[in-house]
Amino acid sequence: ILNASVAGTDTITLTWQDVPGQTSTMIERSDDSAGGVWDSVVTIPDGSQSYSDVGLKAATKYFYRIVGSGPAGESGYSGVVGEETDAVYSPTVTAQAQQDGTIALQWEAVPGAEGYAIERSVDHARSWIDLAQAGSDATTYTDARLAADVDYAYRVQALSSLGNSDFSLPAD
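Residues numbered from 1 in each chain as written. Predicted model: local features only at pLDDT ≥ 70, side-chain atom pairs only at ≥ 80, totals over all residues. Heavy atoms only, no water.

Brief notes about the sheet that holds strand β12 (residues 129–135)
Part 1: Spatially, β12-β11-β14 is the arrangement adopted by the 3 strands of the open sheet, whose pairing is antiparallel. Two strands bound the open sheet, and with one partner strand each, they are β12 and β14 (153–159). Within the sheet, the average angular offset between the axes of one strand and its neighbour, ignoring direction, is 25 degrees.
Part 2: Looking at chain direction, strand β11 (residues 115–121) and β14 are connected through 7 bridges and run antiparallel. Residue pairing for β14: G115 is matched across the bridge by L159. (Pairing = 2+ DSSP bridges. Helix = DSSP H or I, 4+ residues; strand = E, 2+ residues; numbered from the N terminus. Axes fitted to C-alpha atoms, helices over the stretch in contact; angles between N-to-C directions.)

So this is what it looks like as structure tokens:
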């Protein structure tokens, strides 16, 4: 049994069950679920039951199958599994109150992001309003439009023409 899971914008991880007597497993990949052209990705020695296929294109569906070999020859092919790499992943954002009365947001750069959408909540993350857009090289934003005695929460979304990420978890 072959399983596939997405591990980001450029990686799909495959796992399978070891077959007794098998000395190696060959992994093949296709971009066509009907099994048009299958390319050999790698042959893995016996004992390994996982492989991470890295360097893939973001927001692209890939299909995989495996075949084992041993002293008795090749096994039959596994069933085909498919997964689509993420377009971009959600940033992790932090919010820090500053001495000048502003709130500074910070997040890590997201590979493939073409910009960021920043939202703010004033009702304990029940509803959100658009606050700002930031460029692809931005990893900080300072909110200076604040009212006294209000608890603010923020979230950030990576934007991409391939598809936007989910919003980050709220930071307050």
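So, next bit.
Observations regarding the packing of aromatic side chains
Part 1: Tallied over the full model, the rule gives 2 aromatic pairs.
Part 2: With a centroid separation of 5.4 Å and an interplanar angle of 55 degrees, the aromatic rings of W107 and Y116 are classed as tilted.
Part 3: You can call W107 buried: its relative accessible area is 4%.
Part 4: Over the face of the ring belonging to Y77 we find R65, whose NZ or CZ atom lies 3.8 Å from the ring centre.
Part 5: Its guanidinium or amino end placed over the ring of F167, R155 lies 4.1 Å from that ring's centre, counting from NZ or CZ. (Phe/Tyr/Trp six-rings, centres within 6.5 Å; stacked < 30°, edge-to-face > 60°. Buried < 20%, exposed > 50% of the residue type's maximum accessible area, 1.4 Å probe, protein only. Lys NZ or Arg CZ within 6 Å of the ring centre and 35° of its normal.)

Some points on the sheet that holds strand β10 (residues 103–107)
Part 1: Ordered by their spatial adjacency, 3 strands build an open sheet running β9-β10-β13, and the pairing between neighbours is antiparallel. Unpaired on one side and paired on the other, β9 (93–97) and β13 (140–143) mark the two borders of the sheet. For this sheet the average axis-to-axis angle between neighbouring strands, irrespective of direction, equals 20 degrees.
Part 2: Pairing analysis gives 4 bridges linking β10 to β13, with the strands arranged antiparallel. Residue Q106 lies in a different strand from β13, and its bridge partner there is T140.

A few points about the pattern of salt bridges
Part 1: In the structure shown here, the tally under the stated rule is 4 salt bridges.
Part 2: The shortest N-O distance in the salt bridge between R29 and D53 comes to 2.6 Å. Of this pair, R29 sits in strand β3 (residues 24–30) while D53 sits in strand β5 (residues 50–54), and the two are 24 residues apart along the sequence.
Part 3: Relative accessible area serves as the criterion here: at 3%, D53 is assigned to the buried category.
Part 4: Measuring nitrogen to oxygen at the nearest pair gives 2.8 Å for the salt bridge that ties R120 to D143. Here the residue R120 occupies a position in strand β11, and D143 occupies one in strand β13, the gap between them amounting to 23 residues.
Part 5: Classification of R120 by relative accessible area gives buried; the value is 11%. (Salt bridge = Lys/Arg side-chain N within 4 Å of Asp/Glu carboxyl O.)

Quick look at the environment of S136
Part 1: Secondary-structure assignment places S136 in the loop between β12 and β13.
Part 2: Between the alpha carbons of S136 and L2 there is a distance of 37 Å; along the sequence they are 134 residues apart.
Part 3: Those residues in contact with S136, other than ones at most four positions away along the chain, are A113, E114, G115 and Y116. (Contact = heavy atoms within 4.5 Å.)

Some words on the nonpolar core
Part 1: Core analysis: the largest hydrophobic core is formed by 19 residues, its most contacted members being L105, W107, Y116, I118 and Y154.
Part 2: If you list the elements that add at least two residues to this core, you get β9, β10, β11, β12 and β14.
Part 3: Those residues within four positions of L105 in sequence are excluded, and the remaining contacts are V93, T94, A95, I118, T139, T140, Y141 and Y154.
Part 4: Grouped together as the second largest cluster of nonpolar side chains are 12 residues, I12, W16, I27 and I44 included. (Core = buried A, V, L, I, M, F, W, Y, C linked by side-chain atoms within 4.5 Å.)

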